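# Analysis of the macromolecular model
Spelled out from the first residue to the last, the chains are:
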Amino acid sequence: DYTPEVAADSMPILSEKQVDVAGIKPSSGVLYHQLRNEPLNIVGGRGSYLITEDGLEILDATCGAAVSCLGHSDERVHEAILDQLKKVPYCYSMFFTNSAAESLAKFLVDSTGGKMSRAYIVSSGTEAVEAAVKMAIQYFTELPVPEPQRVNIISRKSSYHGNTLGSLAVGHHASRRRIYESLLSKNIHHVPQCYPYRRMNANENNEEYVERLAQELEDEFQRLGPNTVCAFVAETMPGATLGCVPPLPGYLKALKAVCERHGALFILDEVMSGMGRTGTLHAWEQEDVVPDLQTIAKGLGAGYAPIAGLLINKHVVDTLNKGTGAFVHSQTYQGHPVACAAAYKVQQIIRDDNLLPNVRAMGEYLGQRLHERLDSHPHVGDIRGRGLFWAMEFVQDKETKEPYPPSKALSRTLHATGLKPENAISLMPGNGGIDGANGDHIILAPPYNTTREEIDLIVDRTVRVIQEILG
Ligand code: PMP
């Protein structure tokens, strides 16, 4: 799907006109992703709303990047953070552990029924992915009969796994990779995603398509030499680059079977799709697979603290324990007490307030409302999702599925239009169109405690924004 040449004009910066639409002001002291535009300044948050310095209340229909799953002002989390701050804000994980990190890790391990037996707690999804691939490499050097020849990693096209050099190489985000290609490992290879809307052949049914995808992975193992492959990495449900495509039944199971056949580790990246977003705490619970390594992040701390984790299957932990007994990796803010206390409280709230059934029920309602309102829209090609994680993919023509060119910056224009005071909704622009091969999309990812009334409002405003730009 991806070639650096096609990616050359991707990820356009918003044009002056689009900037005008959002009322975005020029110049800023903070360097974010975009140097030229200053985003709206958020000075407060209440429930599902973000409040700007001008007093505009913006409906945060995406929890930022699928992060703020409890909304913005849960006092129970504030208190937990303050309590931990007063006890001790920080201790160095090379020397000590701390109760907050231990409680969180125990909760996470228990939540997998003990299938994963340790949690490695870091500060961002990117770091969790980086730790996962390093641990996979280390695992093979510490087997009773070491296999250091397993140097290859296979992941998927149109995937996103983070922005440091290792995680960027694992992912396949065209425009973010392009100028750094020289630094990205050549031992990381990409197979096609499960993407029925565009990649399933007309004469194929679901089972046949899944079989073909598993065969493509098998072929890649054979091409590389099966005993040279260390791990396969996939988002359980892709978010940023492909937009909420639920895995077809049996797909992840079939891919895991390929990995098992060849002794490679199966890594699921649940940075975005995990911790309840798709309706179960771990998205893999719905797929009848258990990963060897699993990354988690956004819903873990709900944005109250920067926190992410790597959950490690018991057999990997046992191997490292019998080997050197240490993971050759360490970061200063690992197991940070305040971040862990925040995340532990967030997880208790998700459990005690019984939010996962609400994610499933409201998710179903959101999907139903989107279909009702947008199925007949001439430029909405596909509506798909699971739990409270939904995407709409846009096309110029529904018959041919012709995508909009990256230069149109469609999803970013929709985002900017949503921020106009009369719309006051934050939509997540996707990167589906970045390589010009897929359609551009937007994502909705409301908080887990959302209500039917709020879903109605989200859908009304989303439809209004789409109609404003696409008619
Ligand atoms: N993996 C996946 C699947 C993601 O969606 C993201 C972020 N969107 C990352 C990794 C990177 O996480 P972070 O931005 O926290 O570094």
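Presented here is an overview of the structure given in this document. (Residues numbered from 1 in each chain as written. Predicted model: local features only at pLDDT ≥ 70, side-chain atom pairs only at ≥ 80, totals over all residues.)

## Comments concerning helix α17 (residues 452-470)
Keep this limit in mind: Strands are runs of DSSP state E lasting at least two residues, helices are runs of H or I lasting at least four, and both sets are numbered from the N terminus onward. Take the residue count of a helix, subtract one, and multiply by 1.5 Å to get its expected span. Comment: burial labels come from other C-beta atoms within 10 Å of the residue's own C-beta, placed from the backbone, where a count of 20 or more is buried, 12 or fewer is exposed, and between is partly exposed. The directions from the helix axis to the C-beta atoms are what the arc is built from. A pair of residues counts as a contact when their C-beta atoms, built from backbone coordinates, are within 7 Å of each other.
Taking 1.5 Å of rise per residue, 19 residues should cover 27 Å, and α17 covers 26 Å from first to last C-alpha, within 8% of that figure. For α17, the set of buried residues is I455, I458, V459, T462, V465 and I466. Buried residues along α17 cover an arc of 130 degrees about the axis, so they all sit on one side. Relative to its buried face, α17 has exposed residues pointing more than 90 degrees away, namely E453 and Q467. Elements in contact with the buried residues of α17: β5 (57-60), α15 (355-374), α16 (410-418), β15 (425-426) and β17 (441-444). Within two residues after α17, G471 carries a phi angle of roughly 85 degrees, on the positive side.

## Some points on the site of the ligand
Rule in force here: Nearness between a residue and a molecule or strand is assessed with a C-beta atom placed from the backbone; a distance within 6 Å qualifies.
The local shell around the ligand holds 15 residues, among which S124, G125, T126, V271 and M272 are the closest. Here the shell around the ligand takes three residues from helix α6 (residues 125-141), the largest share from any one element.

## Regarding helix α14 (residues 337-352)
If you check α14, its first and last C-alpha atoms are 22 Å apart, about what 16 residues at 1.5 Å a residue would give, namely 22 Å. With twelve of its 16 residues buried, α14 lies for the most part within the structure. Here α14 has its buried residues at P337, V338, A339, C340, A341, A342, A343, Y344, K345, V346, Q347 and I350. Of the surrounding secondary structure, the elements contacted by the buried residues of α14 are α4 (75-87), α5 (99-111), β6 (116-122), α12 (298-301) and α15. Residue N354 follows α14 closely and has a positive phi angle near 55 degrees.

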